[in-house]
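# Close look at the chain arrangement
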Amino acid sequence: MAVSLNASAFADLPDTVGRPGYDRAALRPGILHVGVGNFHRAHMAYYLDRLFDMDAGQDWALIGAGVRPGDAAMRDRLAAQDWLTTVVELDPNGLSARVIGSMIDFVPVDPQAVIAAMADPAIRIVSLTITEGGYYVDAKTDGFDAAHPDIAHDAANPEAPKTVFGMILAALRRRRDAGIEPFTVMSCDNLPENGHVCARTVTELAQLSDPDLAEWVRRKVAFPNSMVDCITPATSDRERALVRDRFGIADAAPVVCEPFRQWVLEDHFPQGRPPLEKVGAEFVADVSKHELMKLRILNGGHAAIAYPSALLGHHFVHDAMADPQIAAWLRAVEEREIIPTLQPIPGVSYDDYLDLIVSRFANPEVGDTIPRLCLDGSNRQPKFILPTLADALKSDAVIDGLAQEVAFWCRYCERTDEAGNPIAPNDDNSDTLRDHALAARRDPLAFLANETVFGPLAANPRFQEAFARRLKIVQDQGVRAAIDSYLSGK
């Protein structure tokens, strides 16, 4: 019979399951994390758990927080488990499980409770995983979206905010007024220069209602950039059953992930930080090149395989990678068009990194899904594909493969696969995307007319020509013909 996960269950766990070797009651909070999803628990919370197990950094325990109504459900599940999570590493050579205990509380999902927790002097870092699309970036200008209704609300109601950025500002204002040093704000989301983007959102929101606070934030608050990496599928009944049947644990919110992790951070933490270098994190002066490598090769690679695989009916990522055409397409677009946009990093081989990415995608134990990779394309394409395309255009480099990726996405946005099966909506802008994609049957450039996604790229003649040409192949001949055409250089 499976053991229900909670703090009193450690003695009943199977010997094969790792667990905290430290006294959780002795931990002291230092980090408040907003967005306690699977990735955070597989990555940051896991690093901290291993650090605490070395009797180090135990004044940096995590407090969870959420800003969306759905976060309350996660809080309820974790509260019943004393904030514990089972993390299963899906190594093809053998699965392993560990119960991690680095989170010691989760504040109520209420703006005033979150602000009060952030204002506590014990909190020296506020970290975020709120998705790539959560930073209020205007796709047309790549700047701050001051016109967004959420931002307008927070600017008009700075003490009763809706957004996490409004809550951060309210807490910083309280700390400033009380003479308490500000916390560091650390984004852990997959977007270029995540710290800089986060800083812009916070300071420009402040500028709308309190210019003096905005100036204080610019002078006093640190927003380090970071690069985070660990493939972490969504949790479903499949994963809960695996944890129950394989490891004997009844966990309402387990996490499964690949056995690979990487975390590179700019070392800019005025109020201190946990010594995460002891457990493999890398602290550098400039994370931008590492970040760009990961965003373009891994996240861009995910985008490259997602849409053709979905159109061909693949469900699991490892099954898609077992399709010779998909695997060949991925390597070709990476080697011909994505990697050439990157600047060299001393000691790093992009060819070796690509080999690693291919092997990670092909890991059958992970069970990552194509629908997950296809999720939220209107936010992910502008982060993972379109900047690469823009750089290639600037250098007059080849763009056929990148245009082909956008063409696959366009065809996917019609919401049927090649066999005529419906594709469920999985983007907040699904209806708009479908309208543009269907209009592209008559005029290919109708898809690019979606300025909130493509911005100024839509008017580039070379991109227009390549996209129209590649889309016609997909529409008239199908995905496999389009891949063959690209592989043969036609």
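Residues numbered from 1 in each chain as written. Predicted model: local features only at pLDDT ≥ 70, side-chain atom pairs only at ≥ 80, totals over all residues. Heavy atoms only, no water.

If you check an unreviewed UniProt entry, the chain appears there as Mannitol 2-dehydrogenase from Paracoccus haematequi.

### A short note on helix H10 (residues 288-311)
Test applied: For helices the rule is a DSSP run of H or I covering at least 4 residues; for strands it is a run of E covering at least 2, with both sets numbered from the N terminus onward. The span expected for a helix works out to 1.5 Å for each residue beyond the first. Bend, in this description, refers to the angle at a residue between axes fitted to the seven residues ending there and the seven starting there. Buried residues are those whose accessible area, probed at 1.4 Å on protein chains only, stays under 20% of the maximum for their type, while exposed residues exceed 50% and partly exposed ones sit between those limits.
With 24 residues, H10 should cover 34 Å at 1.5 Å per step; its first-to-last C-alpha distance of 34 Å lies within 8% of that length. Taking the largest bend as the criterion, H10 deviates by roughly 30 degrees, centred on Gly300. Counting buried residues in H10 gives 21 out of 24 residues, a clear majority hidden from the surface.

### Examining the sheet that holds strand E11 (residues 184-187)
The condition is simple: Being paired, for any two strands, means DSSP has found at least two bridges between them. The angle between two axes is taken between their N-to-C directions and runs from 0 to 180 degrees, where each axis is a line fitted to C-alpha atoms and a helix contributes only its stretch in contact.
Read across the open sheet, the five strands follow the order E7-E4-E3-E8-E11; overall the sheet is parallel. Lying at the two open borders of the sheet, with one neighbouring strand each, are strand E7 (103-106) and E11. Neighbour-to-neighbour, the strand axes of this sheet turn through a mean angle of 25 degrees, independent of strand direction. With four bridges connecting them, strand E3 (residues 29-34) and strand E8 (residues 125-128) associate as parallel partners. When the sheet's bridge partners are listed, His33 is paired in E8 with Ser127.

### Some thoughts on helix H15 (residues 377-384)
Which entries qualify depends on this criterion: Here, residues are in contact when the closest pair of their heavy atoms is within 4.5 Å.
Counting buried positions along H15 gives six out of eight residues, so the element sits mostly inside the fold. Every buried residue of H15 is listed here: Gly377, Ser378, Arg380, Gln381, Lys383 and Phe384. Looking at the buried positions of H15, the neighbouring elements they touch are H10, helix H14 (370-374), helix H16 (386-394), helix H17 (400-412), helix H18 (430-439) and helix H20 (451-454).

### Things to note about the UniProt feature "domain: Mannitol dehydrogenase N-terminal" (unreviewed entry) in the chain
Basically, it comes down to this: UniProt positions are given in the numbering used here, feature names are shortened, and annotations may be inferred rather than shown by experiment.
UniProt feature "domain: Mannitol dehydrogenase N-terminal" (unreviewed entry): in the numbering of this structure it lies at residues 30-278. Annotated as residues 30-278, this span is 37% helix and 20% strand, and its ends, taken at the C-alpha atoms, are 18 Å apart.

### As for the packing of H17 against helix H22 (residues 479-487)
We count it as follows: Here is the rule for angles: anything less than 35 degrees is roughly parallel, anything more than 145 is roughly antiparallel, 65 through 115 is roughly perpendicular, and the remaining ranges are oblique. Here the term charged refers only to Asp, Glu, Lys and Arg, the term nonpolar to Ala, Val, Leu, Ile, Met, Phe, Trp, Tyr, Cys and Pro, and the term polar to all other amino acids, Gly among them.
One can describe the packing of H17 onto H22 by two numbers: an axis separation of 11 Å at closest approach and a directional angle of 175 degrees. One way to sum up the angle between H17 and H22 is to call them roughly antiparallel. Taken together, the residues of H22 that come into contact with H17 (itself represented by Asp400, Gly401, Gln404 and Phe408) are Val479, Ala482, Ile483 and Tyr486. When grouped by side-chain class, the residues that make up the contact of H17 with H22 number five nonpolar, two polar and one charged.

### Re the side chain of Arg41
Under the convention used in this document: Neither His nor the chain ends is counted toward charge; the positive residues are Lys and Arg and the negative residues Asp and Glu. The term salt bridge refers to a pairing of a side-chain nitrogen on Lys or Arg with a carboxyl oxygen on Asp or Glu at a separation within 4 Å. Two N or O atoms count as a polar contact when they lie within 3.5 Å, although within protein this holds only if one can serve as hydrogen donor and the other as acceptor, and sequence-adjacent residues are included solely when both atoms are side-chain atoms.
By secondary structure assignment, the location of Arg41 is in helix H1 (residues 38-42). In this structure, Arg41 is buried with no salt-bridge partner, the nearest side chain bearing the opposite charge being Asp251 at 5.8 Å. Within the structure, the side chain of Arg41 is placed 2.5 Å from the backbone oxygen of Ala253, a separation counted as a polar contact. Once you skip the residues sitting within four places of it in the chain, Arg41 turns out to touch Val36, Tyr46, Met74, Leu78, Thr85, Val87, Ile100, Ala253, Pro254 and Val255.

### Digging into the sheet that holds strand E2 (residues 17-18)
Reading across from one edge, E2-E6-E5-E14 is the order of the four strands in this open sheet, with mixed pairing throughout. The outermost strands of the open sheet, each flanked by one partner alone, are E2 and strand E14 (255-257). Packing of helix H2 (residues 44-52) onto the sheet brings it into contact with strand E5 (85-89) and strand E6 (96-100), and relative to E6 it is tilted by some 80 degrees. On the sheet, helix H9 (residues 237-247) packs against E2, E5, E6 and E14 and is oriented at approximately 85 degrees with respect to E5.

### Overview of the pairing of E5
The buried fraction of E5 is high, at five of five residues. The alternating pattern of E5 places Thr85, Val87 and Glu89 on one face and Thr86 and Val88 on the opposite face, and all of these are buried. Note that E5 and E6 share five bridges and pair antiparallel. Its bridge partner lying in E6, Thr85 is registered against Ile100. Turn length for the E5-E6 hairpin, with the two strands adjacent in sequence and antiparallel, is six residues, and the turn residue Gly94 shows positive phi of about 145 degrees.

### Examining the UniProt feature "domain: Mannitol dehydrogenase C-terminal" (unreviewed entry) in the chain
When the UniProt feature table is mapped onto this chain, "domain: Mannitol dehydrogenase C-terminal" (unreviewed entry) is found at residues 286-472. From the first C-alpha to the last, residues 286-472 spans 42 Å; its make-up is 65% helix and 0% strand.

### Let's talk about the pattern of salt bridges
Tallied over the full model, the rule gives 33 salt bridges. With a shortest N-O distance of 3.0 Å, Asp400 and Arg469 are connected by a salt bridge. Here Arg469 lies in helix H21 (residues 461-477) and Asp400 lies in helix H17, a separation of 69 residues in the sequence. Residue class for Arg469 comes out partly exposed when judged on its relative accessible area of 31%.

### Things to note about the packing of aromatic side chains
Using the following cut-off: Each Phe, Tyr or Trp ring, with Trp reduced to its six-membered ring, pairs with another whose centre is within 6.5 Å; inter-plane angles below 30 degrees give stacked pairs, above 60 give edge-to-face pairs, and intermediate values give tilted ones.
Counted according to the given criterion, the structure contains 16 aromatic pairs. A ring pair is formed by Phe447 and Phe467, whose centres lie 6.1 Å apart and whose planes are at 15 degrees; its orientation type is stacked. Separated by 20 residues along the polypeptide, Phe447 in helix H19 (residues 445-448) and Phe467 in helix H21 bring together distant segments of the chain. Both residues of the pair, Phe447 and Phe467, belong to the buried class.

### Some words on the state of the cysteines
The following threshold applies: For this text, the term disulfide refers to a pair of cysteine sulfurs within 2.5 Å.
All chains considered together, the criterion is met by zero disulfides. The structure places no disulfide on Cys198, whose sulfur is separated from the nearest cysteine sulfur, that of Cys188, by 10 Å. Overall, Cys198 belongs to the buried group, its relative accessible area being 0%. Of the cysteine sulfurs around Cys410, a residue in no disulfide, the closest is that of Cys413, at 6.7 Å.

### Some remarks on unusual backbone geometry
In this structure, Asp82 takes a positive phi of about 55 degrees despite not being glycine. Position of Asp82 among the secondary structure elements: in the loop between helix H3 (71-79) and E5. Residue class for Asp82 comes out partly exposed when judged on its relative accessible area of 32%. Residue Asp142 is not a glycine yet carries a positive backbone phi of 60 degrees.

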